[in-house]
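Below are the chains, spelled out letter by letter.
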Amino acid sequence: GDSVTQTEGLVTLTEGLPVMLNCTYQTAYSTFLFWYVQHLNEAPKLLLKSSTDNKRTEHQGFHATLHKSSSSFHLQKSSAQLSDSALYYCALRKRNNNNRIFFGDGTQLVVKP
Amino acid sequence: EAAVTQSPRNKVAVTGGKVTLSCNQTNNHNNMYWYRQDTGHGLRLIHYSYGAGSTEKGDIPDGYKASRPSQENFSLILELATPSQTSVYFCASGETGGSAETLYFGSGTRLTVL
């Protein structure tokens, strides 16, 4: 079946260090991949999305590249900021009539001074 | 930006009681969704709708009903609430853009069932 795996439940790092949150997926269909971010006591909101193989997508300092060969869509940032502390969800939607979106379990990012 | 409003923001219910969570969106989106959020489980889909009058079961529909009386409104109903339904519930709407659809979430309802 279709699924999204985020291997880290919690990532803690120091301000200024690079961020990498892992996301791998499983599906037999062509797909769209998404990253949503949820700050404390706020609603989740879209951070970025992609369906193009090997193309880097960027938004608000974050970037991700969909690699269909490895079924991955890792989220990266060159230098973490305190305000990046949030819950990050990777999600997948298949290209077929059923537009269901599948979310991973989420990765909590904590950035410390 | 799309506006999705949920009510109430917080709710305390008793076991066996009926609970209705409401969601309103003002952006004329066809698709609406109900998720619950629990630590370690992420966002799990309960029910969704493709338009007024339609409801579909998501991944965890047991114990929940949904109602979509209009384009703007989508309700989640717990006929007999149980403590296991204590959670944070999010409503979302989405433009009918196929696979690229972006979801717009409400601020959530924190439900506690005693």
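Treat the numbers as computed from the prediction; the structure is a model and nothing was measured.

Between chain A and chain B, the contact holds 21 residues from the first and 23 residues from the second. Carbon and sulfur atoms supply 49% of the area that chain A and chain B bury against each other, a total of about 1800 Å² over both sides. By the criterion of area lost to chain B, the three top residues of chain A are R93(A), R100(A) and F103(A), representing 29% of everything that side buries. Viewed at the interface, chain B and chain A are joined by one salt bridge. With its nearest N and O atoms 2.9 Å apart, the salt bridge here joins E101(B) to R93(A). The tally of links between chain A and chain B comes to six residue pairs in polar contact (both at pLDDT 80 or more). Among the secondary structure elements, those contributing two or more residues to the side of chain A that touches chain B are β5 (31–38), β6 (45–50), β10 (86–94) and β11 (101–103) of chain A. For the side of chain A that touches chain B, the residue count by class is ten nonpolar, four polar and seven charged.

Below, the discussion takes up the pattern of salt bridges. Residues and elements named next belong to chain B. Per the stated rule, a full pass over the model turns up six salt bridges over all chains. R36 is paired through a salt bridge with D38; the nearest N and O atoms lie 2.8 Å apart. One exposure class covers both R36 and D38, and it is buried. Here the salt bridges share partners, and the residues they tie into one network are R36, D38 and R44.

Moving on, we get to the pairing of β10(A). Residue and element names in this part refer to chain A. Most of β10 sits inside the fold, with nine of its nine residues counted as buried. Neither face of β10 is left uncovered, since the one carrying A86, Y88, C90, L92 and K94 and the one carrying L87, Y89, A91 and R93 both have all their residues buried. Two elements, β5 and β10, share eight bridges in a ladder whose sense is antiparallel. Among the inter-strand pairings, Q38 is bridged to a residue of β10, identified as L87.

Calculation criteria
- Residues numbered from 1 in each chain as written.
- Chains lettered and ligands numbered in written order.
- Predicted model: local features only at pLDDT ≥ 70, side-chain atom pairs only at ≥ 80, totals over all residues.
- Heavy atoms only, no water.
- Contact = heavy atoms within 4.5 Å.
- Buried area = accessible area lost by both parts, 1.4 Å probe.
- Salt bridge = Lys/Arg side-chain N within 4 Å of Asp/Glu carboxyl O.
- Polar contact = N/O pair within 3.5 Å; in protein donor to acceptor, adjacent residues only side chain to side chain.
- Helix = DSSP H or I, 4+ residues; strand = E, 2+ residues; numbered from the N terminus.
- Nonpolar A, V, L, I, M, F, W, Y, C, P; charged D, E, K, R; others polar.
- Buried < 20%, exposed > 50% of the residue type's maximum accessible area, 1.4 Å probe, protein only.
- Pairing = 2+ DSSP bridges.

Geometric values such as these leave the question of function open.
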